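Here's the letter readout for the chains.
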Amino acid sequence: MDVLTPGAATLTQLEAIWRQSLAVTLDPSVQPAVEAAADMVRRAAAGNEAVYGVNTGFGKLASVKIPSKDTAQLQRNLILSHCCGVGEPLDTPTTRLMMVLKLLSLGRGASGVAWSTVQLLQAMLAKGVTPVVPDQGSVGASGDLAPLAHMAATMMGEGEALIDGARMTSREALAKAGLTAVELGPKEGLALINGTQFSTACALAGLWGAWRNAQACIVTAALSTDAIMGSTAPLVDEIHTLRGHQGQITAARAQRGLMEGSQIRESHREDDTRVQDPYCIRCQAQVSGAAIDLLRRAGDVLEIEANAVTDNPLVLVGEGRIVSGGNFHAEPVGFAADQIAMAVAEIGAIAQRRVALMVDPTLSFDLPPFLTPKPGLNSGLMIAEVTTAALMSENKHLANPCTTDSTPTSANQEDHVSMAAHAARRLARMNTNLNTILGVEAICAAQGIGFRAPLQTSAQLQAAVARLRKAVPVLEADRYLAPDLHSAALMIRDGDLVAAAGLEMEL
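An account of the accompanying structure is given in this report. Sequence positions are assigned chain by chain, starting from 1 and proceeding in written order. Residues qualify for local features only when their pLDDT is at least 70, as the model is predicted, and side-chain atom pairs are given and counted only at 80 or more; totals for whole chains, interfaces and linings, by contrast, use all residues. As a rule here, side-chain values come from all non-hydrogen atoms in the structure, and water together with hydrogens is ignored.

1. Here we look at the sheet that holds strand β6 (residues 160-163)
Short version of the rule: At least two DSSP bridges between two strands are needed for those strands to be called paired. The secondary structure listing takes helices from DSSP runs of H or I that are at least 4 residues long and strands from runs of E that are at least 2 residues long, numbered from the N terminus.
Taken together, the three strands give an open sheet; going across it, the order is β4-β6-β7, and neighbouring strands pair in antiparallel fashion. At either margin of the open sheet sits one strand with a lone partner, and together these are β4 (130-131) and β7 (166-169). As judged from the two bridges shared by β4 and β6, these two strands associate in the antiparallel manner. Counterpart to proline 131 in the pairing with β6 is alanine 161.

Shown next as structure tokens:
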């Protein structure tokens, strides 16, 4: 079980939790701060002064004062009324990550929840009780209200949950795990549903998927460069250090290292009639490097947000005040998700052009049409390239920014929203599309390298081809190709091709 310190969780820790479904517990040293904030909220609930969300209505109804005897019912009503999510259930790993992020936020001691509420979330993670959270319904301010309400509802024994892969009522799932539903105290419901944890969890999942794709594109680009007998001169280190962008420098060095020792490359250093390669070969480091920089910047933002307190109002124990603010507005998450989307779209755009280059005999430097030994009788990888074009175009449309869209909600009380939730949620689809584009590039490049025999590529790239060949045989004649595309896409998604090539890059 991982022990997390609120305010100090790292992307590496969170990725391990997401990929491995790890249980977590907060550092016990944070308990006194959490309890101090809860005590302050309880005193406010019993007092006469109106404190938003503690003894008032919500949103446009904030002016309605609630008697102290009704504060528990107020919180219950809040959760039930906000369970308005629609769409497909969010996947289990990302739902669990959302719960972890909520724990990190509550653990900062500014939300006013009871320590027992924190313990219930920890126990649900440990015992595999995962709320069924519909993935549509949030506009990214006042926090991810609908998705987080479905999480909170499970804690109350309402709604549905998964346990051991089975879907059942939340009350049944809690009972099966030996847990008891919580009766929320003052402000607790608001603390659970105000916040950016749904958007941030989806954005983080998108970031990690994009990073795997960014690494894979360096491997597939190196394979493609050898397949078309391209030049490595554009990878010379001085070119990239003169410009100075770290991502570009990293990408060029990585690709140059992967191609070191290639017989194919050495065979055409002299007497090659071509002067320059097309941009999809020559400018690969510039494009993928820019994407790498963008992903790293987005990662910095999301690491901060993962540790942030984003509910409202905030309990400032040191100042003895409960203050309304706007940390629930997910604009930073929306911007980060839009940046990730642009990076994913551009990696796919340049990779697709390399696929098109390899299947075109007028551009591929003597490779057979559509990379089949008997063109005409066989169509080879003709339609695999068309599939990549379709996915590339789809990703371009999906990459349109979401944060520039806003609409007023809640009777104009919430008159500007971030749209961070679907900005982040679309990243899963975009990464899946890019998995396939890069998988097809790997298939085409491996096929092209085969036609260069007896010349061989580098040892590292040979290892990558060998790994691909375990799942995707050489294309000797036309066959049912859909399973091959699926297998190659999974190798990209799971990092197998990158691992086989021995490429290591840190986000």
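2. Points about the packing of aromatic side chains
For clarity, the cut-off: Between the rings of Phe, Tyr and Trp (Trp by its six-membered ring), a pair exists once the centres lie within 6.5 Å; its type follows the angle of the planes, with under 30 degrees stacked, over 60 edge-to-face, and the other angles tilted. Each residue's exposure class comes from its accessible area (1.4 Å probe, protein chains only) as a fraction of the maximum for that residue type: buried when under 20%, exposed when over 50%, partly exposed otherwise. Consider the ring centre and the ring normal. A charge sits over the ring if Lys NZ or Arg CZ is within 6 Å of that centre and within 35 degrees of that normal.
Throughout the structure, instances matching the rule amount to one aromatic pair. Centroid distance tryptophan 18 to tryptophan 208: 5.3 Å. Interplanar angle 40°. Geometry classified as tilted. Of this pair, tryptophan 18 sits in helix α1 (residues 11-20) while tryptophan 208 sits in helix α9 (residues 197-227); the two residues are 190 residues apart in sequence, bridging distant segments of the chain. Both residues of the pair, tryptophan 18 and tryptophan 208, count as buried. The side chain of arginine 274 reaches across the aromatic face of phenylalanine 365, ending 3.6 Å from its centre.

3. Comments concerning the nonpolar core
Defined as follows: Each nonpolar core is a collection of buried residues, namely Ala, Val, Leu, Ile, Met, Phe, Trp, Tyr and Cys, held together in the definition by side-chain atoms within 4.5 Å. By definition, residues are in contact when any of their heavy atoms lie within 4.5 Å.
Core analysis: the biggest nonpolar cluster contains 154 residues, and Leu14, Leu204 and Val219 have the highest contact counts within it. For this core, the element with the most residues is α9, which contributes 18 residues. Sequence-distant contacts of valine 219, that is, excluding residues within four places in its chain, are made with Leu258, Leu461, Ala464, Leu497, Val498, Ala501 and Leu503. Residues Ala37, Val41, Ala45 and Val51 belong to the second largest nonpolar core, which totals eight residues.

4. Remarks on helix α18 (residues 459-469)
To keep it simple, the criterion reads: Picture the helix axis, draw a direction to every C-beta atom, and the arc is the one those directions span.
Those residues of α18 that fall on the buried side of the exposure criterion are Leu461, Ala464, Val465 and Leu468. Buried positions in α18, seen along its axis, are confined to an arc of 95° and lie on one side of it.

5. Some words on empty space enclosed by the protein
Short version of the rule: Using a 1 Å grid laid over the protein atoms alone, points where a 1.4 Å probe fits but cannot get out form a cavity; open sets with protein on both sides within 12 Å along at least 5 of 7 lines form a pocket; any residue with an atom within 4 Å of a point counts as lining. Grid points are joined across faces, edges and corners, and a volume is the space filled by probe spheres set on the points. For this classification, Asp, Glu, Lys and Arg are treated as charged, while Ala, Val, Leu, Ile, Met, Phe, Trp, Tyr, Cys and Pro are nonpolar and the rest, including Gly, are polar.
Counted according to the given criterion, the structure contains two cavities of 30 Å³ or more. Of the pockets and cavities examined, the largest cavity occupies roughly 50 Å³. Taken together, Leu381, Ile443, Gln447, Arg469, Val472, Pro473, Leu475, Arg479, Leu481, Asp484 and Leu485 make up the lining of the largest cavity. Among the residues making up the lining of the second largest cavity, the classes are represented as three nonpolar, three polar and two charged.

6. Brief notes about the packing of helix α16 (residues 382-398) against helix α17 (residues 420-450)
For clarity, the cut-off: To obtain an axis, a line is fitted to C-alpha atoms, over the contacting stretch when the element is a helix, and the angle between two such axes runs from 0 to 180 degrees between their N-to-C directions. Should an angle fall under 35 degrees it is taken as roughly parallel, and over 145 as roughly antiparallel, whereas 65 to 115 is taken as roughly perpendicular and any remaining angle as oblique. For any pair of crossing helices, the crossing counts as left-handed if the nearer helix is rotated counterclockwise from the farther one by less than a right angle, and right-handed if it is rotated clockwise.
One can describe the packing of α16 onto α17 by two numbers: an axis separation of 9 Å at closest approach and a directional angle of 155°. Judged by the inter-axis angle, α16 sits roughly antiparallel to α17. You can see that α16 and α17 cross each other, and the crossing is left-handed. Contact with α16, carried on its side by Ala384, Thr388, Leu391, Met392, Glu394, Asn395 and Leu398, involves Arg426, Arg429, Met430, Asn433, Leu434, Thr436, Ile437 and Val440 of α17 and no other residues of that element. Class assignment for the residues of the contact of α16 with α17 results in eight nonpolar, four polar and three charged.

7. Quick word on the pairing of β6
Burial of the side chains of β6 is restricted to one face: Ala161 and Ile163 are buried, whereas none of Glu160 and Leu162 on the reverse face is. Pairing geometry for β6 and β7, over four bridges, is antiparallel. Following the sheet pairing, glutamate 160 is matched in β7 by threonine 169. Between β6 and β7, which follow one another and run antiparallel, lie two residues, and aspartate 164 among them has a positive phi close to 55°.

8. A short note on the pattern of salt bridges
Applicable threshold: Every case where a carboxyl oxygen of Asp or Glu lies within 4 Å of a side-chain nitrogen of Lys or Arg is listed as a salt bridge.
With the rule as written, the count across this model stands at 18 salt bridges. Aspartate 484 is the partner of arginine 479 in a salt bridge, and the nearest nitrogen-oxygen pair spans 2.8 Å. A relative accessible area of 8% places aspartate 484 in the buried class.

9. Things to note about the environment of alanine 227
Structurally, alanine 227 can be placed in helix α9. Exposure remark for alanine 227: the relative accessible area of 0% places this residue in the buried category. For the pair alanine 227 and proline 401, spaced 174 residues apart in sequence, the C-alpha to C-alpha distance is 35 Å. Each residue touching alanine 227, except ones within four places of it in the same chain, is listed here: Met358, Leu367, Ala445, Gly448, Ile449 and Arg452.

10. Quick look at the side chain of asparagine 213
Operational definition: What qualifies as a polar contact is a pair of N or O atoms within 3.5 Å, subject to a donor-acceptor requirement within protein and to the restriction that residues adjacent in sequence count only when both atoms come from side chains.
Here asparagine 213 lies in helix α9. Overall, the relative accessible area of 0% leaves asparagine 213 in the buried class. Within the structure, the side chain of asparagine 213 is placed 3.1 Å from the side chain of asparagine 431, a separation counted as a polar contact. Once you skip the residues sitting within four places of it in the chain, asparagine 213 turns out to touch Ile347, Asn431, Leu434, Asn435, Leu438 and Ile492.

11. Some thoughts on helix α11 (residues 246-259)
This is how it is decided: Multiplying one less than the number of residues by 1.5 Å gives the expected span of a helix.
Look at α11: 20 Å from first C-alpha to last across 14 residues, which is about the 20 Å you get at 1.5 Å a residue. Among the 14 residues in α11, 10 count as buried, and that is most of the element. On its buried face, α11 sits against α9, α10 (237-243), α14 (284-306), α18 and α20 (496-501). Downstream of α11 by one or two residues, glycine 261 has phi in the positive range, about 90°.

12. A word on the layout of surface pockets
Using a probe with the size of a water molecule, rolled over the atoms, empty space left in the structure can be pinpointed. Estimates place the volume of the largest pocket at around 690 Å³. Lining the largest pocket are 26 residues, and of these Trp18, Asp91, Ala428, Thr432 and Arg493 lie nearest its centre. Of all the secondary-structure elements, those providing two or more residues to the lining of the largest pocket are α1, α4 (92-106), α9, α17 and α19 (482-493). No other element matches the eight residues that α17 contributes to the lining of the largest pocket.

13. Here we look at the environment of methionine 1
One can find methionine 1 in the segment before β1 (2-4). Methionine 1 sits 10 residues away from leucine 11 along the chain, and the two C-alpha atoms are 17 Å apart. Among residues more than four places away in sequence, those in contact with methionine 1 are Ala23, Val24, Thr25 and Ala126.

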